[in-house]
Amino acid sequence: MSHRQLNLRKRCEMILGHLDLTHPFSLDALCERIAEQRGRPIRLHPLPKEAAESGVCGLWVGTDSVDYVFYEAQTTPLHREHIVLHELGHILFGHHSLEGQETDGSAPTVLGRTNYTTRQEQEAEMLASMIRIRTSGTGLLPPASGGTLARLESAMGYERGPRDGS
């Protein structure tokens, strides 16, 4: 594992240490805990049809008072959950969302993303995957017992131990 991957994994582990993941895992409960920590609600919505058709599968729009997470609805439940976890990863890492500003009670104005970096995507994806791995015995994904999932975990630098149910 490279120094960069190790550093990313350590940062993800620090965030995971503050999440208090429930067993069985509940995405709704996780959203509520993150919303409490941030002092503003997280609202989950399916992506508008036009956005989904353009190839976008997830999106986070943060305003001063609400975080909106949009996800592709026309996919499997596991993929929908992973999309939301990925967007929550952006929130937890403190990345910049698409900028949304509320104007006198109307819907937020959404501006294009200007600082969308590969590093941010790697951070959000790694955190989403690590949440899924941590909760794999209690969520939609079966626990790793070898095979493809174990190889993916190993490639990400995640070694299962007694705490993880192996």
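Going by the structure above, here's the rest.
Residues numbered from 1 in each chain as written. Predicted model: local features only at pLDDT ≥ 70, side-chain atom pairs only at ≥ 80, totals over all residues. Heavy atoms only, no water.

K.L.:
Now, about the nonpolar core: what can you tell me, with residues and values included?
P.N.:
Soluble globular proteins tend to pack their nonpolar side chains together in the buried interior. Ranked by size, the top nonpolar core spans 28 residues in total, and within it Leu 19, Leu 30, Ile 34, Leu 85, Leu 88, Leu 127 and Ile 131 carry the most contacts. Secondary structure elements with two or more residues in this core: helix H1 (3-16), helix H2 (27-38), strand S3 (67-71), helix H4 (77-93) and helix H5 (118-134). The element contributing the most residues to this core is H4, with 7 residues. Apart from residues lying up to four places away in sequence, Ile 34 is in contact with Leu 19, Ile 42, Leu 88, Ile 91 and Leu 92. Core analysis: the second largest hydrophobic core is formed by 5 residues, Leu 47, Val 61, Tyr 68 and Phe 70 among them. (Core = buried A, V, L, I, M, F, W, Y, C linked by side-chain atoms within 4.5 Å. Buried < 20%, exposed > 50% of the residue type's maximum accessible area, 1.4 Å probe, protein only. Helix = DSSP H or I, 4+ residues; strand = E, 2+ residues; numbered from the N terminus. Contact = heavy atoms within 4.5 Å.)

K.L.:
Outline the pattern of salt bridges, listing residues and values.
P.N.:
It is possible for side chains bearing opposite charge to pair when their charged atoms get close. For the coordinates displayed, the defined rule picks out 8 salt bridges. A salt bridge links Glu 13 to Arg 134, with the shortest nitrogen-to-oxygen separation between them at 2.5 Å. Separated by 121 residues along the polypeptide, Glu 13 in helix H1 and Arg 134 in helix H5 bring together distant segments of the chain. Arg 38 serves as the salt-bridge partner of Asp 67, at 2.8 Å between the closest nitrogen and oxygen. (Salt bridge = Lys/Arg side-chain N within 4 Å of Asp/Glu carboxyl O.)

K.L.:
Tell me what's going on with the packing of H2 against H4, and back it up with residues and numbers.
P.N.:
Axis separation between H2 and H4 bottoms out at 12 Å; the angle between their running directions is 15 degrees. Relative to H4, the element H2 is oriented roughly parallel. By crossing handedness, the relation of H2 to H4 is classed as left-handed. Packed against H2, whose contacting residues are Leu 27, Leu 30, Cys 31, Ile 34, Gln 37 and Arg 38, the element H4 presents Glu 81, Val 84, Leu 85, Leu 88, Ile 91 and Leu 92 at the interface. Here the residues of the contact of H2 with H4 sort into 9 nonpolar, 1 polar and 2 charged. (Axes fitted to C-alpha atoms, helices over the stretch in contact; angles between N-to-C directions. Parallel < 35°, antiparallel > 145°, perpendicular 65-115°, else oblique. Left-handed = near helix turned anticlockwise from the far one by under 90°. Nonpolar A, V, L, I, M, F, W, Y, C, P; charged D, E, K, R; others polar.)

K.L.:
Provide a residue-level description of the pairing of strand S2 (residues 58-62), including the pertinent values.
P.N.:
Along S2, 4 of the 5 residues are buried, which leaves the element largely enclosed by surrounding structure. In this antiparallel pair of consecutive strands, S2 and S3, the connection spans 4 residues. (Pairing = 2+ DSSP bridges.)

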